[in-house]
Amino acid sequence: MSIANGLIRTGLAACAAAFLVTGCFSDKPGATKKATEVRNPKEESGAGGSKFVLGQSPLAFSLYGNYDWYEMQPWGGDPATRWIKESKKVSVTNIPSGGKAAQTFQAMLDSGQLPDVIFTERGTDVERLRKAGKLVPLDPYLDKYPNLKKWAGAGTLDLLRSEDGKLYQFPNWHTSTPTGNGGYSINMKLYEELGSPQLETFDDLYRYLQLVKQKYPNVVPFEVTIFGQGVDLLYSGFADDHPTLFISQLAVPQGDRLTSIFSDPVYKETMLYASKLYREKLMGANALSQTLEQVRHKVTSGAVAVMAAYNVTDLTRRGNLTQQEAASGVGYKLIWPLRKAGVDRHKVWPTQYDSTGWNSSVITTGAANPEGLYAYLDWLTGEEGQRVLNFGPESLYWSGTDEAGIPVLKPNYYDETGEINRLLGVWDTFQWAGNSTYMSKAWESVEKQRALHERGKEPQASIPLQTSFDATAFVNLDPAPESEEGKIAEIVRGIYDEAKAAMLNAKSDAEVVAALEQASKAANEAGYERLLQFKTAKWLDNKRKLDAKK
């Protein structure tokens, strides 16, 4: 997935928005100021009346991205949002988190002064808003504005419904087909200079990284990107059918129950291997603390030999565009997921997807024109919205579309790679209603068109699409934070994060094992089994719902 699909998971980190002049926040979180409200009775007529048409009336709204890391770029300061502002009459006011999203969100909730749209993780915070009566149900708009229902599907939307049966969440990066952005990519220049050795197993990887370290002291042999994502990807290759989501859920299926990640022998073997790479300086020294911009800089400067990430396709694309511009000969190429010898190569799942996507946007009851906001999000998740916010307005970098509605790119898209890379980072911050089904086809087309532009270069196969695990049965397993299970989950997550750092920095295998055993004991004492029972019940319920729709 993008932004951070785990980022990222792709990926990646991303958002989007629109406006009708409503109450907006000042730069100080929690503060409000009055603004003129513009209402059009015909455009607020609900399910039975006329539709809100973007571009006919001004639409302005305030948006809060509920993440420490989220920084929305200035609206109208780039070609895409400038076109949206002028052509669709949409304006967005950003409400910053100040790097303290949880505290800012709580202050908003306590004061009752909420922005018009909140871009956030699905689950607990959404339910807190719903129970407080602060969210607008989206069901009246589903048939009036067709894109979300068309692209996500009714079954996916049913999985996003709250306990009261209503839909409050507009999903981001939803999909109706397998998608994926995660996996491994290699620096082809270095790889060829080192003789193009076999690179299929973890033993192959270890030998190759040693060669890189010896010959290229200024290159990171194995780049695991932010939060040590690459370590999680290693997990998927140490046994058949062990996708990375088992780590993100801190729960491993065994029969009809979910069990502890700390007692999983596959996880233990993964951390022993990862710690070995770290001890021998085959992995970057700041594996758990670096920023995404730092990772991107290393990749685009060609200073990475092998990388593993939740959104490795984005890093690969950025690296190739930049290095092409620099005419350095460096290029990155996706490779089939690495694995332990003996593991079935077709049962390694370094990336995953679920039909509900990544996170979501919710419309609060304080919004003056909720239908207009929904209309914008629905436009954004459709073909035109995705084209504009991923490639810019027509005539800038593309002209016309193919039979699938994908932009036909102009030569300057590949020639002006520095600017394209900059714009991709800007546009990521407005992706609040990404459409993975459409964009997966679009990025595949970008690679094919690039091959034609560069003559003689073959487009890369969509390896992530073939190695992406369907994780739909694992959605909505997290408990409410104020519940007993929620409190346990917060403690266990902290134990896990500390243990991961301790194991990665361990000076020996014995220290790795000791840190894992200590984490397992601490988690159990904190009530981990109760949390696993809660997650198991949710997981089995999801499976029943999915089986009923077959």
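Reading guide: rules and limits
- Residues numbered from 1 in each chain as written.
- Predicted model: local features only at pLDDT ≥ 70, side-chain atom pairs only at ≥ 80, totals over all residues.
- Heavy atoms only, no water.
- Axes fitted to C-alpha atoms, helices over the stretch in contact; angles between N-to-C directions.
- Helix = DSSP H or I, 4+ residues; strand = E, 2+ residues; numbered from the N terminus.
- Parallel < 35°, antiparallel > 145°, perpendicular 65-115°, else oblique.
- Contact = heavy atoms within 4.5 Å.
- Nonpolar A, V, L, I, M, F, W, Y, C, P; charged D, E, K, R; others polar.
- Buried < 20%, exposed > 50% of the residue type's maximum accessible area, 1.4 Å probe, protein only.
- Pairing = 2+ DSSP bridges.
- Right-handed = clockwise from strand over helix to strand, strands pointing away.

### Focus on the packing of helix H7 (residues 202-215) against helix H10 (residues 265-279)
The N-to-C vectors of H7 and H10 enclose an angle of 5°; their axes lie 11 Å apart at closest approach. Classified by the interaxial angle, the pair formed by H7 and H10 is roughly parallel. Counted together, Phe-202, Leu-205, Tyr-206 and Leu-209 of H7 and Tyr-273, Lys-276 and Leu-277 of H10 form the full contact between these two elements. Taken together, the residues that form the contact of H7 with H10 break down as six nonpolar, no polar and one charged.

### A word on the pairing of strand S3 (residues 59-65)
Of all seven residues in S3, seven are buried, a share of seventy percent or more. Burial along S3 is two-sided: the face carrying Leu-59, Phe-61, Leu-63 and Gly-65 and the face carrying Ala-60, Ser-62 and Tyr-64 are both buried. As paired elements, S3 and strand S4 (residues 90-95) share six bridges and run parallel to each other. Across the sheet, residue Leu-63 finds its bridge partner in S4, namely Asn-94. Chirality of the crossover, the property in question, places the unit of S3, helix H1 (residues 79-87) and S4 among those that are right-handed. Note that S3 and strand S5 (residues 117-120) share three bridges and pair parallel. Bridge pairing in S5 places Leu-63 opposite Val-117.

### A word on the sheet that holds strand S6 (residues 170-171)
Read from one edge of the open sheet, five strands run S4-S3-S5-S14-S6, paired in mixed fashion. Each edge of the sheet is formed by a strand with only one pairing partner; in this case those strands are S4 and S6. Strands in contact with helix H2 (residues 101-111) are S3, S4 and S5; relative to S3, the strand with the most contacts, it is inclined by about 125°. Sitting on the sheet, helix H13 (residues 370-381) touches S3, S4, S5, S6 and strand S14 (360-363), and the angle it makes with S3 is about 75°.

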